[in-house]
Amino acid sequence: MAILKIKFNLQKRVKLAQGLWLLNWFCVLAGIVVFGMGVFLKVELRKRSEVMDNEESHLVPNSLILVGILACAINCFGGKFCYDSLDPAKYARWKSFLKFYLAACLFFTFLTFITVVFCFLMRIYLEDTLAKGLKNGMKYYRDTDTPGRCFMKKTIDHLQIEFRCCGNNGFRDWFEIQWISNRYLDFSSKEVKDRVRSNVDGKYLTDGVPFSCCNPASPRPCIQQQIANNSAHYSYEFQTEELNLWTRGCKQALLNYYTNMMQSMGALVLFVWMLEVAVMVGIQYLHTSLDSIANPEDPECESEGWLMEKGLKETFKSLLESIKELGKFNQVATTEEGKKEEGTTVATVS
């Protein structure tokens, strides 16, 4: 028994075909936008790969690019079918391809939905990657003379200025690492010697931060050295003067940046998915309503369209059988070609 059966006359079929034609080309434009979003996200991840420990995942941008390309291809095909559907001669050429086209649409909508899920779940992956990458980036901040790491100071400074953040989780992270290179330390100074000796690993640790942590909105000049020492600065209280520096960690700042971006992209891809489902359902109704015309010579007669000709279980079984038949057909064709080649070889030898 057909599911969700609807009666169509000529006028309804024409309107359905015209509406689907417009919707298909709208989906092509949406596919171009999705493709562009994938390229943009890929570039944004590459720009900050150093603070992700070069482990940035390109699964989501690659999925967006693939969805964009497939959306353009599938909907161009669908638009052409809808345009030709009301011409009996042209429609006859499409009939043998429509089942495979609808199967491709079904696979594409599934892929699009999976991409939506990836967009909303990417934050979980980024959280671990950024925590590790930023920690290593801060550790290598002082290595301005080391090949392969000399760019890290510039990268971290630009990052902290652009995103108005400091450290991994906060500015106190800088207190736990030596971020000043040994070449800029006077080891004949008693203060430097005492600080190095007081550390188990022999590092020069201070309660200071790089200049890029300074908040330009602060009413007083930036205090980036001896931050926790109230007596080192006039009219200064460490606990109340934190606005002098950016208090937000760069991990949270980048997470918010990428999360907002991914949520916007996920919402748009979800909208595209809804459009694709509507197109797939509409083409199924158009296809079945054209196939069920009792008298092909009388295009104005009524017909019936349906979402599924049988139940869900039966439809799935028939789809699997069609795929198996297609595989058998390919095997037979390959065997026949092999036999022809063997026959040609034997004739040549004779």
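Just so it is clear, the structure is predicted and the values come from calculations on it, not from any experiment. (Residues numbered from 1 in each chain as written. Predicted model: local features only at pLDDT ≥ 70, side-chain atom pairs only at ≥ 80, totals over all residues. Heavy atoms only, no water.)

## Observations concerning the overall build of the chain
Move 1: Scanning the chain from terminus to terminus reveals seven helices and two strands.
Move 2: Taken from N to C terminus, the helices and strands of the chain fall in the order β-α-α-α-α-α-α-β-α.
Move 3: A burial count over the chain gives 39% of its 350 residues as buried.
Move 4: In the form shown here, the chain has an accessible surface area of approximately 20,400 Å², with 61% of it arising from carbon and sulfur atoms. (Helix = DSSP H or I, 4+ residues; strand = E, 2+ residues; numbered from the N terminus. Buried < 20%, exposed > 50% of the residue type's maximum accessible area, 1.4 Å probe, protein only. Areas by Shrake-Rupley, 256 points an atom, 1.4 Å probe, with all protein chains shown as cover.)

## Some thoughts on the state of the cysteines
Move 1: Taken as a whole and assessed by the stated rule, the structure comprises three disulfides.
Move 2: Between C165 and C250 runs a disulfide, and the two sulfur atoms are separated by 2.1 Å. With the S-S bond torsion at 90 degrees, the cross-link from C165 to C250 turns out right-handed. Taken together, the residues span a long stretch of sequence, with C165 in the loop between α4 (152–163) and α5 (190–198) and C250 in helix α6 (residues 250–291) at a distance of 85 residues.
Move 3: Here C165 falls in the buried class, since its relative accessible area comes to 0%.
Move 4: Should the bonded cysteines of the chain be numbered as they appear in the sequence, the pairing reads 1-6, 2-3, 4-5.
Move 5: Summary of cysteine pairing: C27 is not part of a disulfide, and the nearest cysteine sulfur, belonging to C105, is at 9.9 Å. (Disulfide = S-S within 2.5 Å.)

## Side note on the packing of aromatic side chains
Move 1: One pass over the structure, following the stated rule, counts eight aromatic pairs.
Move 2: A ring pair is formed by F113 and W273, whose centres lie 5.4 Å apart and whose planes are at 50 degrees; its orientation type is tilted. Of this pair, F113 sits in helix α3 (residues 88–139) while W273 is found in helix α6, placing the two residues 160 residues apart along the sequence.
Move 3: Measuring from ring centre to ring centre gives 5.2 Å for Y141 and W174, while their planes differ by 70 degrees; the resulting arrangement is edge-to-face. Note that Y141 is positioned in the loop between α3 and α4 and W174 in the loop between α4 and α5, a separation of 33 residues in sequence.
Move 4: When its relative accessible area of 4% is taken as the criterion, Y141 is described as buried.
Move 5: For W174, a relative accessible area of 0% puts it in the buried group.
Move 6: The rings of Y141, W174 and W179 are connected pair by pair, giving a single aromatic cluster. (Phe/Tyr/Trp six-rings, centres within 6.5 Å; stacked < 30°, edge-to-face > 60°.)

## Points about the UniProt feature "transmembrane region" (unreviewed entry) in the chain
Move 1: The feature "transmembrane region" (unreviewed entry), as given by UniProt, occupies residues 21–40, 60–79 and 100–126 in the numbering adopted here.
Move 2: End C-alpha atoms of residues 21–40 are separated by 29 Å, and the span's content is 100% helix alongside 0% strand.
Move 3: Between the C-alpha atoms that bound residues 60–79 the distance is 28 Å, and the span itself is 100% helix and 0% strand. (UniProt positions renumbered as here; feature names shortened; annotations may be inferred.)

## Focus on the packing of helix α1 (residues 10–47) against helix α2 (residues 59–84)
Move 1: In contact at an axis separation of 7 Å, α1 and α2 are set at 165 degrees when each is read in the N-to-C sense. Taken together, the axes of α1 and α2 are roughly antiparallel relative to one another. Crossing handedness for the pair α1 and α2: left-handed.
Move 2: Residue classes in the contact of α1 with α2 are distributed as 24 nonpolar, eight polar and one charged. (Axes fitted to C-alpha atoms, helices over the stretch in contact; angles between N-to-C directions. Parallel < 35°, antiparallel > 145°, perpendicular 65-115°, else oblique. Left-handed = near helix turned anticlockwise from the far one by under 90°. Nonpolar A, V, L, I, M, F, W, Y, C, P; charged D, E, K, R; others polar.)

## As for the nonpolar core
Move 1: By size, the foremost hydrophobic cluster in this structure holds 76 residues, and its most contacted members are L41, W174 and V209.
Move 2: Going through the elements one at a time, α1, α2, α3, α4, α5 and α6 are the ones with two or more residues in this core.
Move 3: It is α6 that contributes the most residues to this core, 16 residues altogether.
Move 4: Built from parts of two domains, this core gets at least three residues from each of domain 1 (3–137 + 252–306) and domain 2 (172–247).
Move 5: Setting aside chain neighbours within four positions, we find V209 in contact with C166, F171, W174, F175, W179, Q224, Q225, I227 and L245. (Core = buried A, V, L, I, M, F, W, Y, C linked by side-chain atoms within 4.5 Å. Domains from an automatic or database assignment. Contact = heavy atoms within 4.5 Å.)

## Focus: the pattern of salt bridges
Proximity of charged atoms lets side chains of opposite charge pair with each other.
Move 1: Going through the model one piece at a time under the given rule, you end up with 10 salt bridges.
Move 2: Residue D157 pairs with K153 through a salt bridge whose shortest N-O separation is 2.9 Å. Of this pair, D157 and K153 both sit in helix α4, four residues apart, roughly one helical turn.
Move 3: With relative accessibility at 4%, the residue D157 sits in the buried group.
Move 4: In this structure K153 comes out as partly exposed when scored by relative accessible area, which is 30%.
Move 5: One connected set of salt bridges, linked through shared partners, spans E44, K47, R48 and E162. (Salt bridge = Lys/Arg side-chain N within 4 Å of Asp/Glu carboxyl O.)

## Some words on the environment of L275
Move 1: Here L275 shows up in helix α6.
Move 2: Since its relative accessible area comes to 12%, L275 is described here as buried.
Move 3: Separated by 249 residues in the primary sequence, L275 and F26 have C-alpha atoms spaced 9.0 Å apart.
Move 4: Beyond its immediate stretch of four places on either side in the chain, L275 contacts L23, F26 and C27.

## Some thoughts on the side chain of Q178
Move 1: Along the polypeptide, Q178 turns up in the loop between α4 and α5.
Move 2: The buried category is assigned to Q178, whose relative accessible area is 6%.
Move 3: Side-chain polar atoms of Q178 contact the side chain of R142, separated by 3.2 Å.
Move 4: A distance of 3.0 Å separates a polar side-chain atom of Q178 from the backbone oxygen of I180.
Move 5: Beyond its immediate sequence surroundings of up to four residues, Q178 is in contact with R142, L185, K203, Y204 and L205. (Polar contact = N/O pair within 3.5 Å; in protein donor to acceptor, adjacent residues only side chain to side chain.)

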